[in-house]
2 protein chains.
Amino acid sequence: MKVSLKVEYACRVLAQLARHNGSGEWPHIEALATQEEIPANYLVQILNDLRNSGLIQSRRGKQGGYALARENDQVTLCDIICAIDGGLLEFNTEVKGQSGARLVELWAQVTAELEKMTRGITLEDMITSSHEGMYFI
Amino acid sequence: MKVSLKVEYACRVLAQLARHNGSGEWPHIEALATQEEIPANYLVQILNDLRNSGLIQSRRGKQGGYALARENDQVTLCDIICAIDGGLLEFNTEVKGQSGARLVELWAQVTAELEKMTRGITLEDMITSSHEGMYFI
DNA sequence: GCGATCTTAGGTTTACAACCTAAGATAAAA
DNA sequence: TTTTATCTTAGGTTGTAAACCTAAGATCGC
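A quick note: this is a predicted structure, and the numbers were derived from the prediction, not measured. (Residues numbered from 1 in each chain as written. Chains lettered and ligands numbered in written order. Predicted model: local features only at pLDDT ≥ 70, side-chain atom pairs only at ≥ 80, totals over all residues. Heavy atoms only, no water.)

(A) Quick peek at the confidence of the model for chain A. Averaged over all residues, the pLDDT of chain A is 93; the fraction at 70 or higher stands at 94%. With pLDDT under 50 throughout, residues 133-137 of chain A is counted as low confidence; its partners more than four residues away or in other chains account for two contacts. (pLDDT = per-residue confidence, 0-100. Contact = heavy atoms within 4.5 Å.)

(B) Seen up close, the packing of helix α5 (residues 100-118) of chain A against helix α5 (residues 100-118) of chain B. α5(B) packs onto α5(A) with a crossing angle of 145° between their chain directions and a minimal axis gap of 11 Å. In the packing of α5(A) onto α5(B), the handedness of the crossing is right-handed. Taken together, the residues of α5(B) that come into contact with α5(A) (itself represented by A:V110, A:E113, A:L114 and A:M117) are B:V110, B:E113, B:L114 and B:M117. The residue makeup of the contact of α5(A) with α5(B), split by class, is six nonpolar, no polar and two charged. (Axes fitted to C-alpha atoms, helices over the stretch in contact; angles between N-to-C directions. Helix = DSSP H or I, 4+ residues; strand = E, 2+ residues; numbered from the N terminus. Left-handed = near helix turned anticlockwise from the far one by under 90°. Nonpolar A, V, L, I, M, F, W, Y, C, P; charged D, E, K, R; others polar.)

(C) Region of interest: helix α1 (residues 5-20) of chain B. Residues and elements named next belong to chain B. Over its 16 residues, α1 extends 23 Å from the first C-alpha to the last, a length consistent with the 22 Å expected when each residue adds 1.5 Å. Counting buried residues in α1 gives 14 out of 16 residues, a clear majority hidden from the surface. The first or second residue beyond α1 is G22, which carries a positive phi of 90°. (Expected span 1.5 Å × (residues − 1). Buried < 20%, exposed > 50% of the residue type's maximum accessible area, 1.4 Å probe, protein only.)

(D) Spatial organisation of the relation of the copies chain A and chain B. Aligned on chain B, chain A shows an RMSD of 0.0 Å; the corresponding rotation is 180° and the shift along the axis is 0.0 Å. Taken together, the rotation angle and the small translation identify this as a two-fold axis. When C-alpha positions in chain A are compared against the rotation axis, the closest is assigned to A:M1, at 2.8 Å. With an isologous cut-off of 70% or more, the 100% of interface residues of chain A that recur at the interface of chain B puts this contact in the isologous class. (Least-squares fit on C-alpha atoms with pLDDT ≥ 70 in both.)

(E) Structural detail: the nonpolar core. Within the largest apolar cluster, 84 residues are counted, with the highest numbers of intra-cluster contacts made by A:L14, A:L50, A:M126, B:L14, B:L50 and B:M126. Excluding residues within four positions of it along the chain, A:L14 makes contact with A:L50, A:L55, A:I56, A:L68, A:I80 and A:L123. (Core = buried A, V, L, I, M, F, W, Y, C linked by side-chain atoms within 4.5 Å.)

(F) Layout of the interface of chain A and chain B. Taken together, the contact between chain A and chain B spans 43 residues of the former and 43 residues of the latter. Taking both partners together, chain A and chain B bury about 4,100 Å²; carbon and sulfur atoms supply 60% of that area. Across the contact surface, chain A and chain B share zero salt bridges. Connecting chain A to chain B are 24 residue pairs in polar contact (both at pLDDT 80 or more). Within the residue set of the side of chain A that touches chain B, elements represented by two or more residues are α1 (5-20), α2 (29-36), α4 (77-85), α5 and α6 (123-126) of chain A. Residue composition of the side of chain A that touches chain B, grouped by class: 19 nonpolar, 11 polar and 13 charged. (Buried area = accessible area lost by both parts, 1.4 Å probe. Salt bridge = Lys/Arg side-chain N within 4 Å of Asp/Glu carboxyl O. Polar contact = N/O pair within 3.5 Å; in protein donor to acceptor, adjacent residues only side chain to side chain.)

See the structure below:
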């Protein structure tokens, strides 16, 4: 049960775009790859997935680049994982063995609870220091 | 973010052992493999992991077999995943890029919430029909 | 038209999931 | 004590997918 590096990269690059959100700047791949230390050739694929899922917009040609398609707090961890993996949780759906049927139900239940949880984490949380909201520095 | 077939098999075979729990029977591999439709050669490895993690006991020789080491409601989904995968959630822990540090914190938070959730699901839930606890059949 | 960007379609490499094989260790039963 | 049924352990295999790279094309501002 692991979070792929691809999802990690997607979160990082989206956090970076969230920082530029509203500024009118459209960072290009090389800049994003450098700032978040992501292999540029791999980042291409990731940004493509994110665009196809409607999380980001892109502009070609000179002055081209990428920008978020929504407000920072409207992009959730659930959205990101689904954009990259095609779904939140992958599990066996074949009903096999005496316990197979019950397990498929339980996986669905786990997925539902996981969705609730990951919908509570947004890009805003990813660009906010963990000390924010506390009473000391 | 997927649940491996190995974890699915582990849950099924443990559910099977939970059904025999307290009966004094020690089902052997072939029986377990047949009842839960798991490749016997693969099941060997899984049962080994479960024994090394203290979730089950084994007996060699004639009349040998496997049995749960705890009560049904004392074996949680969290226990099972940890026994098989070595941990609940695997994620990148390298702090890289401008957003790396914050993400590592968030993954830890997700893990904690996931642990809380999976500790609420036990073998008892895996051998109980989904209609139990309802007021109709 | 030129050059900077995104777009798309491939290829590579390494690791791991999901198995199988086979020789040993143990313990009950004959 | 020999046999036989089980678990134990250490390896091997095979296919797929993650994590990259390469390179030719499509846009668009200048």
